[in-house]
Amino acid sequence: MRTLEWNAESGEMIMIDQRILPARFERVICRTAEDTAEAIRNMTVRGAPAIGVSAAYGMALALLRARTDSADALWAELERAGALLTAARPTAVNLAWAVQRVLAECQPARGSAAALREQVVAVAERMADEDVEVNRRISTFGAELIQDGDTIIHHCNTGALATVDWGTALGVIRMAHEQGKRVHVLVDETRPRLQGARLTAWELSQYRIPYEIISDNMAGHFLRSGQVQKVFFGADRVTANGDVANKIGSYMLALAAHSNHVPVYSVFPTSTVDLSLAHGDLIPIEERDPMEVLGLEFEGQRVTPADAQARNPAFDVTPNHLLTGLVTENGVVYPPFVEHLPRFVRPAA
Ligand SMILES: CSC[C@H]1O[C@H](OP(=O)(O)O)[C@H](O)[C@@H]1O
């Protein structure tokens, strides 16, 4: 089963509820663009590629639910849904990329309500299928970077759950494993939402890939003591100079790896690259509900004082000088990224 699926008969999107994994495996049905935007905001679905394709399906839902057969009114509804979905989370550029792609590819059908309704579903389905193909291409390039016997630190979740299927950085590890390379993964638990301890661990168990969970503050110890050969993590937005916005904690991990001469690779589809931004300080960083930090429990009790305050930036920016390479579906990009990245984003026809 894919992370996201379209039910053509009912005109609904079905997604795995990632908030309750691994305790329970349940699915959520989205029937409107509003349902979809809320699922993105509350992280029922999360992961840059997954939320992008979710938004495309959310725009299809908006048109299927619209009670008008005026082509002009339907186009206005498509734009309204696109704006609502783009605003759901600010950091992953895949949301805006997906919405703009749906609008661009539906333009030719905007004169007819029936044609527009048919086209928006077809575009979303195409984007879903492409995501899986792109992830397998990324993983093929990335698996070449992994040697038999490597121990790898992986941060957050970048597997099938973060995409339509297969995954990006975790897809690289999965591909290397399937090629017969013996890999061992140190899974950063990834506070505060524990995408690593919950989702990456669950996926690696499914793939029978050996792993051990570590708390985020342990990574430096393993890097300094020579127990780690590579670091892999994903991306939510990559700027023209190769700075990478990714799950909070990625920057500290990259600093520790760089200081101990361990290679760091960020893995992402080129839909995650935002060439309009010159550097990472321009990337909007999502600040989430402090209760995601404050609500920590231990032995069944809330850990933090009732009157405590907290900050909760969901992402940070890893400057390009800490990165060894950027793994994309068009190959691995090496420094100077500002020089090489554009031709990987728009490969020569
Ligand atoms: C291939 S997923 C990319 C990216 O998305 C995750 O963030 P979130 O769980 O908040 O959606 C994380 O930063 C992954 O590396």
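Keep in mind that what you see is a predicted model, and the values were worked out from it rather than measured.

Caption draft 1: Seen up close, the packing of helix 2 (residues 48–65) against helix 4 (residues 94–106). At a closest axis distance of 8 Å, the pairing of helix 2 and helix 4 adopts a crossing angle of 35°. For the crossing formed where helix 2 meets helix 4, the hand is right-handed. From helix 2, Ala48, Pro49, Ile51, Gly52, Ala55, Ala56 and Met59 reach across to helix 4, where they touch Asn94, Leu95, Ala98, Val99, Val102 and Leu103. Taken together, the residues of the contact of helix 2 with helix 4 sort by class into 11 nonpolar, two polar and no charged.

Caption draft 2: View of the domain arrangement of the protein. Each assigned domain of the protein is listed here: domain 1 (4–136) and domain 2 (144–345). Between domain 1 and domain 2, the C-alpha centre-to-centre distance is 26 Å. Each partner contributes residues to the interface: domain 1 has 30 residues there, and domain 2 has 33 residues. Note on domain 1 versus domain 2: buried area summed over both sides is about 2,700 Å², and carbon and sulfur give 58% of it.

Caption draft 3: Molecular detail of the layout of surface pockets. Put simply, the largest pocket is a space of about 300 Å³. Trp97, Pro269, Thr270, Ser271 and Glu329 are the residues nearest the centre of the largest pocket, which is lined by 21 residues in total. Counting only elements with at least two residues in the lining of the largest pocket, the list comes to helix 2, helix 4, helix 5 (113–143) and strand 11 (273–274). Take the lining of the largest pocket: its biggest share by element is four residues, from helix 5. Both domain 1 (4–136) and domain 2 (144–345) contribute no fewer than three residues apiece to the lining of the largest pocket.

Caption draft 4: Summary view of empty space enclosed by the protein. Taken as a whole and judged by the stated rule, the model has two cavities of 30 Å³ or more. By volume, the largest cavity is sized at about 190 Å³. Taken together, 23 residues line the largest cavity, and the ones lying closest to its centre are Arg46, Gly47, Ala48, Asn157 and Asp236. Elements supplying a minimum of two residues to the lining of the largest cavity: helix 2 and strand 9 (244–247). Split by residue class, the lining of the largest cavity holds 10 nonpolar, nine polar and four charged. Residues lining the lining of the largest cavity come from more than one domain, with at least three contributed by each of domain 1 (4–136) and domain 2 (144–345).

Caption draft 5: Looking closely at the site of the ligand. Taken together, the neighbourhood of the ligand is formed by 18 residues, with Gly47, Arg89, Asp236, Asn246 and Lys247 sitting nearest. Within the backbone of glycine 47, one N or O atom sits 2.8 Å away from an oxygen atom of the ligand. Separating an oxygen atom of the ligand from a side-chain N or O atom of lysine 247 is a distance of 2.7 Å. For the ligand, the protein covers 99% of the area, taking 400 Å² as the surface of the free molecule. Elements with a minimum of two residues in the shell around the ligand: helix 2 and strand 9. Residues belonging to the shell around the ligand are distributed by class as follows: seven nonpolar, seven polar and four charged.

Calculation criteria
Residues numbered from 1 in each chain as written. Predicted model: local features only at pLDDT ≥ 70, side-chain atom pairs only at ≥ 80, totals over all residues. Heavy atoms only, no water. Axes fitted to C-alpha atoms, helices over the stretch in contact; angles between N-to-C directions. Helix = DSSP H or I, 4+ residues; strand = E, 2+ residues; numbered from the N terminus. Left-handed = near helix turned anticlockwise from the far one by under 90°. Contact = heavy atoms within 4.5 Å. Nonpolar A, V, L, I, M, F, W, Y, C, P; charged D, E, K, R; others polar. Domains from an automatic or database assignment. Buried area = accessible area lost by both parts, 1.4 Å probe. 1 Å grid on protein atoms, 1.4 Å probe; cavity = no way out; pocket = protein on both sides within 12 Å on 5 of 7 lines; lining within 4 Å. Points joined across faces, edges and corners; volume = space filled by probe spheres on them. Near = heavy atom within 4 Å. Polar contact = N/O pair within 3.5 Å; in protein donor to acceptor, adjacent residues only side chain to side chain. Areas by Shrake-Rupley, 256 points an atom, 1.4 Å probe, with all protein chains shown as cover.

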